[in-house]
Amino acid sequence: MSTRRQHAKSRKGCITCKTRHVRCDEAGPPCGRCKIRGDVCEYAGLQSSTENAIASTSAGKEPTASPPIPARSHEVVFPANRHLLELQLMHRWTASTYKCCCTPGSEDDEVWQSWVPQLAIKHDYLLYGLLSLTAFEIARLAQTPHCQQYVESATEYHGLALSSFRVYISSSAINDDNIDAAVCMSLMLFVLAFASAQTRDTGALDDESDSVVQIVLANVELLRGCAPILEGKQDYLLQNPYVQKLKPFENVPRTRLDPPIEEALVMLASLNDERITSSVRDTVSQRAQQVEYWEACKTALGLLQTLFEKCVDDFTRGYALGWLNMAGDRYIKAVKDGDAVALLILMYWGVLVEKCGRQVWWAEQFGSSLVAEIARGSHFEDTDADVKDLILRAQQHT
């Protein structure tokens, strides 16, 4: 009778990988996974071999192995009051969370780790955003019931950040004194849009306001409201030393599309074109509406295909995740109106996010959640074979 081959089970992995129940390469700190994800990488009982060597040498003895230090408990516990919570969140931000806002290639770590906390002292909306994002991150590591407490706090801070920033940009002139805080908040809202959508109440499936699509649309609208801030400060962006290090999107080379994705995009384009011929007998207003949807979806789909071709690594990931902000107001309206083709295109953005966002904690589940939500929507309960095929393909990619 055959038996399973025995293998050595490593117990030397970092605490973060053990908490996430994933295999650690033990190359740290930081290990490979924590380095990619920007997580704090700690090993239980780790003691500096350099310190041991110095201590032994100073005593005139050869370095000897020290007995292992008992592992400390790293269980995340929700603090007893608001002051302790905010102290914990601020510490976590400067130790780890700030990395999720850094742009690969721009070397802007110091901005997010040091400058943003200083700006947050003067600007409440930035402080609320910082605390919200950190609470969302800690919620991933905390056990029940602490996890839910962090999610609730993150959601509360997120609401405060949105409301205060909305009031600020509508009533305050953007100048040299506040442009840094406003730009940082705009970028932070981008990350918060993904993080908050992933931690929605999955039990409230009937509540449309709590859906992935609605949460993202709400955040996108606010981000689009920030556009005048950047449009009016082009000199600021062009002279920014961190922005100058990034490769412009038009200079990013294209790669060959994966055949299954290319085929799905062709099917989406054909489905969009069919609305023009199928609406010939509609009223003038109905046909005009279909033409408007067709134009909006054609533009959005063309941009999505370009992103599939260009966004293949960490340095281009931001472009892929920002597609919805670039797709245009008319496309956003088509999604809000429940246009089937617009929703299917949005679903395939979820496929792209699944590919590009899985390396960052704030987007690792967003793509699959978006695909699943759209697939079970009422718009596709009674549909034709081509649409069912497109939905199945998207589900297979996530």
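Nothing here was measured: the structure is a model prediction, and the numbers come from that model.

S.K.: Sorry if this is basic, but what is going on with the side chain of arginine 275 here?
M.R.: Along the chain, arginine 275 turns up in helix α13 (residues 259-278). Side chain to side chain, arginine 275 and asparagine 272 meet in a polar contact 2.9 Å long. Ignoring any residue separated from it by four or fewer positions in sequence, one finds arginine 275 in contact with Gln290, Tyr293, Trp294, Cys297, Asp339 and Val341.

S.K.: Would you take a moment to explain the packing of aromatic side chains for this structure?
M.R.: How two aromatic rings sit relative to each other is set out by the distance from centre to centre and by the angle between their planes. Inspection of every chain in the model, using the stated rule, returns 12 aromatic pairs. With a centroid separation of 5.4 Å and 75 degrees between ring planes, the pair formed by phenylalanine 190 and phenylalanine 194 is classed as edge-to-face. On the criterion of helical spacing, the pair formed by phenylalanine 190 and phenylalanine 194 is a turn pair, its members being 4 residues apart in helix α8 (residues 179-198). Exposure remark for phenylalanine 190: the relative accessible area of 16% places this residue in the buried category.

S.K.: Please explain a negative patch on the surface as it appears in this structure.
M.R.: Together, Asp273, Glu274, Asp384 and Asp386 make up a region of like negative charge exposed at the surface. The topology assignment puts glutamate 274 in helix α13. With relative accessibility at 40%, the residue glutamate 274 sits in the partly exposed group.

S.K.: Got a minute to help me understand the confidence of the model for the protein chain in this structure?
M.R.: Caution is warranted with low-pLDDT regions, since their predicted coordinates should not be read in detail. Looking at the protein chain as a whole, its pLDDT mean stands at 82, while 82% of the residues score no less than 70. The element-level mean pLDDT for the protein chain is lowest in helix α3 (residues 49-58), coming to 39, with helix α4 (residues 82-95) highest at 96. Predicted confidence for residues 1-8 stays below pLDDT 50, and this span has 0 contacts to residues more than four positions away or in other chains.

S.K.: Would you mind going over the nonpolar core with me for this structure?
M.R.: When a protein is soluble and globular, its nonpolar side chains tend to lie buried together. Ranked by internal contacts, the top residues of the largest apolar core, which has 106 residues, are Trp323, Tyr331, Trp349 and Trp362. The leading source of residues in this core is helix α18 (residues 340-357), at 13 residues. Excluding its chain neighbours within four sequence positions, the residues that come into contact with tyrosine 331 are Ala296, Cys297, Ala300, Trp323, Leu324, Ala342, Ile345 and Leu346. Counting 7 residues, the second-largest nonpolar core is a separate cluster that includes Cys14, Cys31, Cys34 and Tyr43.

S.K.: I'm lost on the pattern of salt bridges in this one. Help?
M.R.: Think of it this way: side chains of opposite charge can pair up when their charged atoms draw near. Under the definition given, this model contains 10 salt bridges. Of the charged contacts in the structure, one is a salt bridge between glutamate 137 and arginine 92, with a shortest N-O distance of 3.2 Å. Of this pair, glutamate 137 sits in helix α6 (residues 124-141) while arginine 92 sits in helix α4, and the two are 45 residues apart along the sequence. A salt bridge links glutamate 309 to arginine 254, with the shortest nitrogen-to-oxygen separation between them at 2.2 Å. Residue glutamate 309 is found in helix α14 (residues 284-310), and its partner arginine 254 is found in the loop between α12 (241-244) and α13; the two are separated by 55 residues along the sequence. In this structure glutamate 309 comes out as buried when scored by relative accessible area, which is 12%.

S.K.: I'm lost on unusual backbone geometry in this one. Help?
M.R.: Most peptide bonds are trans, and most residues other than glycine sit at a negative phi. If you check the backbone angles, glutamate 26 has positive phi at about 60 degrees while not being a glycine. Relative to the elements of secondary structure, glutamate 26 occurs in the loop between α1 (15-20) and α2 (32-37). Its identity as a non-glycine residue notwithstanding, glutamate 107 has a phi of 55 degrees, on the positive side. Using a relative accessible area of 57% as the deciding quantity, one classes glutamate 107 as exposed.

S.K.: I would appreciate a short explanation of helix α17 (residues 329-336) in the present structure.
M.R.: Since there are 3.6 residues in each turn of an α-helix, residues three or four apart along the chain are aligned in direction. All of the buried residues in α17 are Tyr331, Ile332, Ala334 and Val335. The buried residues of α17 occupy one face: seen down the axis, they fall within an arc of 155 degrees. The positive-phi residue at the C-terminal boundary of α17 is glycine 338, with phi of around 80 degrees.

About the thresholds
Residues numbered from 1 in each chain as written. Predicted model: local features only at pLDDT ≥ 70, side-chain atom pairs only at ≥ 80, totals over all residues. Heavy atoms only, no water. Helix = DSSP H or I, 4+ residues; strand = E, 2+ residues; numbered from the N terminus. Polar contact = N/O pair within 3.5 Å; in protein donor to acceptor, adjacent residues only side chain to side chain. Contact = heavy atoms within 4.5 Å. Phe/Tyr/Trp six-rings, centres within 6.5 Å; stacked < 30°, edge-to-face > 60°. Buried < 20%, exposed > 50% of the residue type's maximum accessible area, 1.4 Å probe, protein only. Patch = residues over 30% accessible without salt bridge, like charges linked within 9 Å, V, L, I, M, F, W, Y side chains within 5 Å. Areas by Shrake-Rupley, 256 points an atom, 1.4 Å probe, with all protein chains shown as cover. Salt bridge = Lys/Arg side-chain N within 4 Å of Asp/Glu carboxyl O. Lys, Arg positive; Asp, Glu negative; His and termini not counted. Charge placed at Lys NZ, Arg CZ, Asp CG, Glu CD. pLDDT = per-residue confidence, 0-100. Core = buried A, V, L, I, M, F, W, Y, C linked by side-chain atoms within 4.5 Å. Arc of directions from axis to C-beta.

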